[in-house]
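As a plain string of letters, each chain reads:
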Amino acid sequence: MLLAQAGALGYWGVQVGRVNSARRVQACVALGADSCDGTSLRFTGVERGLRDVQGWVEAGAGQPGLFDLARAM
């Protein structure tokens, strides 16, 4: 609801930090966050880490939203 309200007020850039797993990326997508970040690349290395993160984002992009935002407004 908070992210939908920010969008309704014209804010862009609802950012979520500390996102270091597929589960968290998918939650951010479902909630409607505009961006997210984390430090997982620091520990996995760039090559493997980018592959992992790309897979997380692609998996999250295919799932439906957590809320029906049209009803929430």
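In case you missed it, the structure is sitting above this.
Residues numbered from 1 in each chain as written. Predicted model: local features only at pLDDT ≥ 70, side-chain atom pairs only at ≥ 80, totals over all residues. Heavy atoms only, no water.

What follows is about the overall build of the protein chain. Within the protein chain, the regular secondary structure consists of five helices and two strands. Seen in sequence order, the protein chain has helices and strands lined up from the N terminus as α-β-α-β-α-α-α. Here the protein chain, with 73 residues, has 16% of them falling under the buried criterion. For the protein chain, the exposed surface amounts to about 5,500 Å²; the carbon and sulfur share of it is 57%. (Helix = DSSP H or I, 4+ residues; strand = E, 2+ residues; numbered from the N terminus. Buried < 20%, exposed > 50% of the residue type's maximum accessible area, 1.4 Å probe, protein only. Areas by Shrake-Rupley, 256 points an atom, 1.4 Å probe, with all protein chains shown as cover.)

Here the focus is the environment of Gly 13. Structurally, Gly 13 is set in the loop between helix H1 (2–8) and strand E1 (15–16). Assessed through its relative accessible area of 31%, Gly 13 is described here as partly exposed. In the structure, Gly 13 is positioned 23 residues away from Cys 36 in sequence and 9.6 Å away in space, judged by C-alpha atoms.

Attention shifts here to helix H2 (residues 22–31). Considered for burial, the residues of H2 that qualify are Val 25, Cys 28 and Ala 30. Buried residues along H2 sit against E1, strand E2 (35–36) and helix H4 (46–61). Gly 32, located one to two residues past H2, shows a positive phi value of around 90 degrees. (Contact = heavy atoms within 4.5 Å.)

A few words on H4. An ideal rise of 1.5 Å per residue puts 22 Å on 16 residues; H4 measures up with 22 Å between its terminal C-alpha atoms. Among all positions in H4, only Gly 49, Trp 56 and Gly 60 are buried. All buried residues of H4 project into a common sector of 30 degrees when viewed along the axis, lining one side. Opposite the packed face of H4, turned more than 90 degrees from it, sit the exposed residues Glu 47, Arg 51, Glu 58 and Ala 61. (Expected span 1.5 Å × (residues − 1). Arc of directions from axis to C-beta.)

Tallied over the full model, the rule gives two salt bridges. For Asp 52, the salt bridge is made with Arg 48, and the minimal N-O distance between the two is 3.5 Å. With Asp 52 and Arg 48 both in helix H4, this residue pair falls four residues apart, about one helical turn. Residue Arg 48 is classed as partly exposed on the basis of its relative accessible area of 47%. (Salt bridge = Lys/Arg side-chain N within 4 Å of Asp/Glu carboxyl O.)

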